[in-house]
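Secondary and tertiary structure notes
Letter by letter, the chains look like this.
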Amino acid sequence: VVGKGNFDATPFLSPELAMAYKVPDTLLSDRLPGRCEFPQKLDPLPEIVSLAKLWDLNGLLHIHDVDLQKERRFELVRVFNCFKNLTSDRQIGDRRGRNSVENRICGPSSQLPTGPDLLDIHLDAQKETLSIVCTDRRDFYHQFQTSQNRTMSNTVGPMVPLELLRDTQAMEAYAAALTVRKPSRLIVGDGLGSTSRQKFARCPKGYGMVSFKSIFQGDHAGVEIATCAHEELLKSAGLLSEFSRVVSNQPFTGSKLCEGLVIDDYFAIAVVPKGLLVPSPAVECLRRSKALYAMHELVGSDDKDICGERKAKIIGATFNASEQAQSRGHVLVSAPAEKRYALSWITLQICQLTHTSDSLHLCVLGGWTSILMFRRPFMSLLQRCFHLVDINVFDPLIPKLVQLPRQIAQELTMLSILTPLMV
């Protein structure tokens, strides 16, 4: 966990998203989730205490005395780790229970670009080349400051003996809050029935509950809040112009500069003269964005920045405008080679079998479809593959064995063999 929850996104959000960001209780519906919609088990107490102390190091721990374990057990978040790289994992909040009782919100995530959207960039490979930049914010969700209402929605369970948290910063803040005199009614009002949560039971004496004081990766509203805030922040510095930005729901109308944003990743691709030392518009975009991030203390992974490269991977698309490629008159874009060749090998192993499973077949087919979007004429190889599984009776939790006809195996084999040409 890297972020410290210092960034207040409110000035960069639309009114609807600002409300969801500050007061997520406004999203609550009347429904109760089914048993399959939230984690049934809570983490062991020692794990919760260790996690709380880890959060406290970055000022991300909040302690309160509302007994959500009794009142709304299904809202409690279970935290787990997901592989990020060889040295660290990514923290994910299993927030299914709370997500399931919050109404859906609309935001800019519906127009996030994907790799194939970058095929709209054109250049003359004999005279021009690419200058690619990309930067991302490290643990972006965890850099967001949250209100007490949103922090309370990130409560994990079970409740914890306060004695186990006595050495934390959060415990000092909790103890100080108990001694503060209640504000005047003229300032805070009576709070009569503004929410049923005012009547929730309190934890037994000596016990409390811990919450994450930022945005969990796993919060359904988090992607909309993070994307909108990041977008408006960059626009405030003149970046992401409508004439240079690529999105998924509109054609790209730019010519020499393409900018894009995918949640925490900002990138720019410029078409520049080949062999001439001229300033790159993309590198200038990177400079302006980094200055903006520094101003707002938004930490990034500087070691992963791409600055003016001719060969790079951007939002799932690998660009190759290297000297070796351009010496043959090519500037290539495709799904990453690691993905293409790995899927080719797996598919060839499957094609040797007489049977497959419905879930495996759909998974493999989905992978091939994402690759073929970069070179759509190859879609013509698939005639029968899409008819093997009846999606109307498919249940991903109960995979079923299905016969693999040789005609379908032949289509998949052809895809595997022609993988190098899918660029």
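In the block above lies the structure referred to throughout.
Below or above, wherever it landed, is the structure these notes cover. Please read these numbers as outputs of a predicted model, since none were measured by experiment.

Observations concerning the nonpolar core
Counting residues in each nonpolar core, the largest one holds 40 residues, and the members touching the most others are Leu118, Ile132, Cys258, Phe267, Ile269, Phe319 and Trp368. Secondary structure elements with two or more residues in this core: β4 (128-136), β8 (265-273), β10 (311-314), β11 (317-320), α11 (337-350), α12 (358-372) and α13 (406-417). Of all the elements, α12 adds the most residues to this core, at five residues. Not counting residues up to four positions away in its chain, the partners in contact with Ile132 are Ala268, Ile269, Ile306, Cys307, Gly308, Glu309, Arg310, Ala312, Ile314 and Phe319.

A short note on α11
The first and last C-alpha atoms of α11 sit 20 Å apart over 14 residues, in line with the 20 Å expected at 1.5 Å per residue. At its buried positions, α11 is contacted by β12 (332-334), β13 (355-357), α12 and α13.

Focus: the side chain of Asn320
Following the sequence through the fold, Asn320 ends up in strand β11. There is a polar contact of 2.7 Å between the side chain of Asn320 and the side chain of Ser322. If near-sequence neighbours (up to four positions away) are discounted, Asn320 is found in contact with Arg310, Lys311, Ala325, His330, Val331 and Leu332.

Here's the deal with the sheet that holds β12
Backbone-to-backbone hydrogen bonds join strands into a sheet, with any given pair of strands oriented parallel or antiparallel. In spatial order, the strands read β10-β11-β12; together these three strands make up an open sheet with antiparallel pairing. At either end of the open sheet lies a strand with only one pairing partner, and these are β10 and β12. Direction aside, the axes of adjacent strands within the sheet are offset by 15° on average. Sheet analysis places β10 next to β11, joined by four bridges and oriented antiparallel. The residue of β11 that forms the bridge with Ala312 is Phe319.

As for the state of the cysteines
Following the criterion strictly, the structure yields zero disulfides and no others. Residue Cys351 stays outside any disulfide, its sulfur separated by 8.0 Å from that of Cys385, the closest cysteine. Residue Cys351 is classed as buried on the basis of its relative accessible area of 8%.

Some words on a nonpolar patch on the surface
A cluster of nonpolar side chains, Val1, Leu54 and Leu57, forms an exposed patch at the surface whose accessible area comes to about 280 Å². Classification of Val1 as partly exposed rests on a relative accessible area of 38%.

Observations concerning the packing of helix α8 (residues 222-235) against helix α9 (residues 281-295)
Taken N-terminus to C-terminus, the directions of α8 and α9 make an angle of 115°; their axes are 10 Å apart at the nearest point. With respect to α9, the element α8 is oriented roughly perpendicular. Crossing of α8 against α9: the hand is right-handed. Residues His230, Leu233 and Leu234 of α8 touch α9, and the partners they reach there are Ser289, Leu292 and Tyr293. In terms of residue class, the contact of α8 with α9 is built from four nonpolar, two polar and no charged.

The rules behind each value
- Throughout, residues of each chain are indexed from 1 in the direction in which the sequence is written.
- Per-residue local features of the predicted model are confined to residues with pLDDT of at least 70, and side-chain atom pairs are confined, for both listing and counting, to 80 or more; whole-chain, interface and lining totals are unaffected and use all residues.
- As a rule here, side-chain values come from all non-hydrogen atoms in the structure, and water together with hydrogens is ignored.
- Within this scheme, the nonpolar core is defined by two criteria: the residues are buried Ala, Val, Leu, Ile, Met, Phe, Trp, Tyr or Cys, and they are joined through side-chain atoms within 4.5 Å.
- Here's how the labels work: a residue is buried when its accessible area is under 20% of the maximum for its type, exposed when over 50%, partly exposed in between, all with a 1.4 Å probe on protein chains only.
- The numbering of helices and of strands both runs from the N terminus, where a helix is a DSSP run of H or I of at least 4 residues and a strand a run of E of at least 2.
- In this analysis, two residues are considered to be in contact whenever any of their non-hydrogen atoms come within 4.5 Å of each other.
- The span expected for a helix works out to 1.5 Å for each residue beyond the first.
- Under this definition, polar contacts are N or O atom pairs within 3.5 Å; protein pairs additionally need one hydrogen-donor-capable and one acceptor-capable atom, and for neighbouring residues in sequence, both atoms have to be side-chain atoms.
- What makes two strands pair is DSSP finding at least two bridges between them.
- In this analysis, axes come from line fits to C-alpha atoms, helices being fitted only over the stretch in contact, and the angle between any two N-to-C directions falls in the range 0 to 180 degrees.
- Two cysteine sulfurs form what is called a disulfide whenever their separation falls within 2.5 Å.
- Note on patches: the residues involved have over 30% relative accessible area and no salt bridge, like charges join within 9 Å, and the nonpolar side chains Val, Leu, Ile, Met, Phe, Trp and Tyr join within 5 Å.
- Every accessible area reported is derived by Shrake-Rupley at a probe size of 1.4 Å, with residue values counting cover from the shown protein chains alone.
- Between Lys or Arg on one side and Asp or Glu on the other, a salt bridge is scored when a side-chain nitrogen of the former is within 4 Å of a carboxyl oxygen of the latter.
- By definition in this entry, angles of less than 35 degrees are roughly parallel, angles greater than 145 are roughly antiparallel, angles of 65 to 115 are roughly perpendicular, and the rest are oblique.
- Handedness of a helix crossing follows the sense of rotation of the near helix relative to the far helix, less than a right angle counterclockwise being left-handed and clockwise being right-handed.
- Ten residue types, Ala, Val, Leu, Ile, Met, Phe, Trp, Tyr, Cys and Pro, are classed as nonpolar, four, Asp, Glu, Lys and Arg, as charged, and the remainder, Gly among them, as polar.

By themselves, these observations are geometric and do not establish any function.
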